[in-house]
Amino acid sequence: MAEAEQVKVLRSWLSPWSFKVELALKLKGVPHEKVEEDLANKSPLLLASNPIHKKIPVLLHNGKAIPESGIILEYIDETWTNNPILPKAPYERSMARFWSRFIDDKCVGACWMSCWTEGETQQMFMEQARASLRILDDELGERKFFGGESIGLVDISACFLSLWFGVLQEVAGISLINGEEFPNLCRWIEGFVATDAVTECLPPRDELLATFQSKKQAILATKSMVY
Amino acid sequence: MAEVVVLLDLWVSPFGQRCRIALAEKGVAYEYKEEYKEEDWTNKSPLLLQSNPVHKKVPVLIHDGKPVCESLIIVQYIYEVWSDGAPLLPADPYARAQARFWGDFVDKKIYECGTRLWKLKGEAQQEAKKELIEILKLLQAELGDKKYFGGDAFGYVDIALVPFCAWFYTYKACGGLSVEAEVPKLAAWGRRCMERESVAKTLYDPLKVYEFVCHLKKKYGIE
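Model, not experiment: these values are computed from the prediction. (Residues numbered from 1 in each chain as written. Chains lettered and ligands numbered in written order. Predicted model: local features only at pLDDT ≥ 70, side-chain atom pairs only at ≥ 80, totals over all residues. Heavy atoms only, no water.)

Trainee: Pulling in residues and values, what's your account of the overall build of chain A?
Mentor: Looking only at helices and strands, one finds 10 helices and four strands in chain A. Reading chain A from its N terminus to its C terminus gives the helix and strand order β-α-β-α-β-β-α-α-α-α-α-α-α-α. The C-alpha radius of gyration of chain A comes to 17 Å, within 12% of the 17 Å expected for a compact globule of 227 residues. A buried classification covers 52% of the 227 residues belonging to chain A. Taking the contacts inside chain A whose residues are at least 6 apart along the sequence as the reference set, 70% of them involve residues at least 24 apart. Total accessible area computed for chain A in this model is approximately 10,200 Å², and 52% of it derives from carbon and sulfur atoms. The distance from the centre of the 24 positive side-chain charges to the centre of the 31 negative ones in chain A is 4 Å. (Helix = DSSP H or I, 4+ residues; strand = E, 2+ residues; numbered from the N terminus. Rg over C-alpha atoms; globule rule 2.2 N^0.38 Å. Buried < 20%, exposed > 50% of the residue type's maximum accessible area, 1.4 Å probe, protein only. Contact = heavy atoms within 4.5 Å. Areas by Shrake-Rupley, 256 points an atom, 1.4 Å probe, with all protein chains shown as cover. Lys, Arg positive; Asp, Glu negative; His and termini not counted. Charge placed at Lys NZ, Arg CZ, Asp CG, Glu CD.)

Trainee: Give me the interface of chain A and chain B: which residues, what numbers.
Mentor: Counting from both sides, the interface comprises 25 residues of chain A and, opposite them, 25 residues of chain B. At the boundary of chain A with chain B, the tally comes to seven salt bridges. Our count for the chain A to chain B interface comes out at eight residue pairs in polar contact (both at pLDDT 80 or more). Of all the elements in the fold, those that place two or more residues in the side of chain A that touches chain B are β4 (64–67), α3 (69–79) and α4 (90–116) of chain A. Taken together, the residues of the side of chain A that touches chain B break down into 13 nonpolar, four polar and eight charged. (Salt bridge = Lys/Arg side-chain N within 4 Å of Asp/Glu carboxyl O. Polar contact = N/O pair within 3.5 Å; in protein donor to acceptor, adjacent residues only side chain to side chain. Nonpolar A, V, L, I, M, F, W, Y, C, P; charged D, E, K, R; others polar.)

Trainee: Can you lay out the pairing of strand β2 (residues 33–36) of chain A for me, pointing to particular residues and giving the numbers?
Mentor: Residues and elements named next belong to chain A. The sheet contact formed by strand β1 (residues 7–11) and β2 spans four bridges and is parallel. Bridge pairing links R11 to E36 in β2. In this view, the connection linking β1 to its parallel neighbour β2 by way of helix α1 (residues 16–27) has right-handed handedness. (Pairing = 2+ DSSP bridges. Right-handed = clockwise from strand over helix to strand, strands pointing away.)

Trainee: Which residues make up the packing of aromatic side chains, and what values do they have?
Mentor: Scanning all chains against the criterion turns up 20 aromatic pairs over all chains. Considering the side-chain rings of W99 of chain A and F102 of chain A, the 5.3 Å spacing of their centres and the 75° angle between planes classify their relative orientation as edge-to-face. One end of the pair is W99 of chain A and the other is F102 of chain A, both in helix α4 and three residues apart, which spans about a single turn. F102 of chain A gets classed as buried once you look at its relative accessible area, which sits at 3%. Chaining the aromatic ring pairs together yields one cluster made of F19, F146, W164, W188 and F192 of chain A. The side chain of K208 of chain B reaches across the aromatic face of W11 of chain B, ending 5.0 Å from its centre. (Phe/Tyr/Trp six-rings, centres within 6.5 Å; stacked < 30°, edge-to-face > 60°. Lys NZ or Arg CZ within 6 Å of the ring centre and 35° of its normal.)

Trainee: For the side chain of S114 of chain A, give the residues involved together with the corresponding values.
Mentor: All names here are of chain A. Relative to the helices and strands, S114 resides in helix α4. Its relative accessible area of 0% is what places S114 among the buried residues. Within polar-contact distance, the side chain of S114 engages the backbone oxygen of F125 at 3.4 Å. Among residues more than four places away in sequence, those in contact with S114 are Q122, F125, M126, A129, I174 and L176.

Trainee: Account for the confidence of the model for chain B, with residues named and values stated.
Mentor: Detailed reading of the predicted coordinates is not advisable wherever pLDDT is low. Predicted confidence across chain B gives a mean pLDDT of 95, with 98% of residues reaching 70 or more. Under the prediction, the complex receives an ipTM of 0.96, its pTM being 0.96. (pLDDT = per-residue confidence, 0-100.)

Trainee: Give a detailed account of the environment of I110 of chain B, specifying residues and quantitative values.
Mentor: Residue and element names in this part refer to chain B. On the secondary structure map, I110 appears in helix α4 (residues 93–119). Taking the C-alpha atoms as reference points, I110 and F164, separated by 54 residues in sequence, lie 8.0 Å from one another. The contact partners of I110, leaving out residues within four places of it in the chain, are L132, I135, L136, L139, L161, F164 and Y171.

Trainee: Any chance you could break down the nonpolar core for me, citing the residues and the numbers?
Mentor: L59 and F212 of chain A together with I110, L139 and W189 of chain B are the most contacted members of the largest nonpolar core, which totals 148 residues. At 13 residues, α4 of chain A tops the list of elements feeding residues into this core. Those residues in contact with L59 of chain A that lie beyond four places of it in its chain are V7, K8, V9, V21, L25, K64, A65, I66, I72, Y75 and I76 of chain A. Core analysis: the next-biggest nonpolar cluster, separate from the first, contains six residues, L10, L46, I56 and L60 of chain A among them. (Core = buried A, V, L, I, M, F, W, Y, C linked by side-chain atoms within 4.5 Å.)

Trainee: Explain the packing of α3 of chain A against α4 of chain B to me, using residue names and the numbers behind them.
Mentor: Put simply, α3 of chain A and α4 of chain B touch, their axes get as near as 10 Å, and they point 160° apart. Relative to α4 of chain B, the element α3 of chain A lies roughly antiparallel. Crossing of α3 of chain A over α4 of chain B shows right-handed handedness. Contact with α3 of chain A, carried on its side by I71, E74, Y75, E78 and T79 of chain A, involves P93, Y94, R96, A97, R100, F101 and D104 of chain B of α4 of chain B and no other residues of that element. Of the residues belonging to the contact of α3 of chain A with α4 of chain B, the class tally is six nonpolar, one polar and five charged. (Axes fitted to C-alpha atoms, helices over the stretch in contact; angles between N-to-C directions. Parallel < 35°, antiparallel > 145°, perpendicular 65-115°, else oblique. Left-handed = near helix turned anticlockwise from the far one by under 90°.)

Trainee: Tell me about the environment of T42 of chain B, and please be specific about residues and values.
Mentor: All names here are of chain B. Positionally, T42 belongs in the loop between β2 (31–34) and α2 (46–51). Its relative accessible area of 67% is what places T42 among the exposed residues. With 14 residues separating them along the chain, T42 and K56 place their C-alpha atoms 9.9 Å apart.

Trainee: An account of the pattern of salt bridges is needed here, citing residue identities and associated values.
Mentor: Taken as a whole, this structure holds 29 salt bridges over all chains when the rule is applied. Across the pair E139 of chain A and R143 of chain A runs a salt bridge, and its minimum N-O distance is 3.4 Å. Given a relative accessible area of 28%, E139 of chain A falls into the partly exposed group. On the basis of relative accessible area, R143 of chain A is assigned to the partly exposed category, the value being 31%. It is possible to trace a salt-bridge network through shared partners that takes in E74, E78, R93 and R97 of chain A together with E80, R96 and R100 of chain B.

Trainee: Could you give an account of the pairing of strand β3 (residues 60–63) of chain B, with specific residues and numbers?
Mentor: Two faces, one strand: in a regular strand the side chains alternate between the faces of the sheet. Residues and elements named next belong to chain B. Neither face of β3 is left uncovered, since the one carrying V60 and I62 and the one carrying L61 and H63 both have all their residues buried. Relative to strand β4 (residues 66–69), β3 runs antiparallel, the two being bridged by four bridges. Bridged to I62 within β4 is P67. In this structure, the hairpin formed by β3 and β4 is closed by a connection of two residues, where D64 is found at a positive phi of approximately 50°.

And the structure:
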């Protein structure tokens, strides 16, 4: 890639999904421009780049738009082949994709809803979240990262469970991920957020906390992840 | 070097059919194992429970004893392992990202909306019909004048979507949605895909699918 590359990320500083993209680019040493989007007032560029879903993140690589964080991660891995985030062997690749999908489909939503519901509904979501987190905790086992010695696709996909869910549990006044029930995940969270590349990409915790606290009532009303 | 490939599946499952079509396109010999004997969804074989302990669902591809789950993950696996012959995904990373995007779109939208269409009644059904037409129109626009979603080569997005062609009759009979009328270019694409042996040999007669759905509705007391 000799000529000047143009890499932009349409993103929101609050979003764990755009964090995933930025972390992958950071791990590969790819210089990029972060374009902050106001999700209440989406830019013409965002709407043109992701007309179907109209969501961030979108990766713009020399003008080509790639939406959907999971798809962007695979694109990044295939385009910049240093420091791979996916394993080489097909079976291990399929396992990485499986666990990424499991996190997206079974963990994130249940964890989110656990924060913003109450009574029996909250109990139901917390049970769902616990069951999924238990499976994830078992899958991680004694390993440092899901990717082994270094951060891989599944670790990146699990980022919501680190900083963001920690903040959300504090705002909601619940404690779901605890060291007793999920020792492996708690150890993973500590190791993940302490990694240099991750620290450089994470939003400041106090700002994240203040923002979620200020948006609490709005989120309680809609439960929407777009706030 | 003899490989053992087993597919745990359900005859009518569009997700399982994606895998069967991909295996056929690649000429991979495999053993097909039908799950849920006598349509008892609780009757899951020990092999299924062992191979997909997380979701306990078909399809599961077991390659030399190692299970791969989730239909589109399986299709990508097939593409990566049996790399001779026609590629199921494009070589260029950007084209590949677009294929994954549309495969994901089909995956998230069609089955869920289609199920609401044949299951529900009244306003909820009308809502599902409206939504499904929008989804199909987006897909038709993406197809454009191409032979297949990938261009000249039959591939990932075609494989993701084509099993649902066998459900078009059910969408019409249960929900009054005529795919032919609403998205004629997409309907024509479906017929083109049926000319491929891999698709023709995998998809069941739409009437059989409709019979299956009627049977399900009776079983669950949905009129």
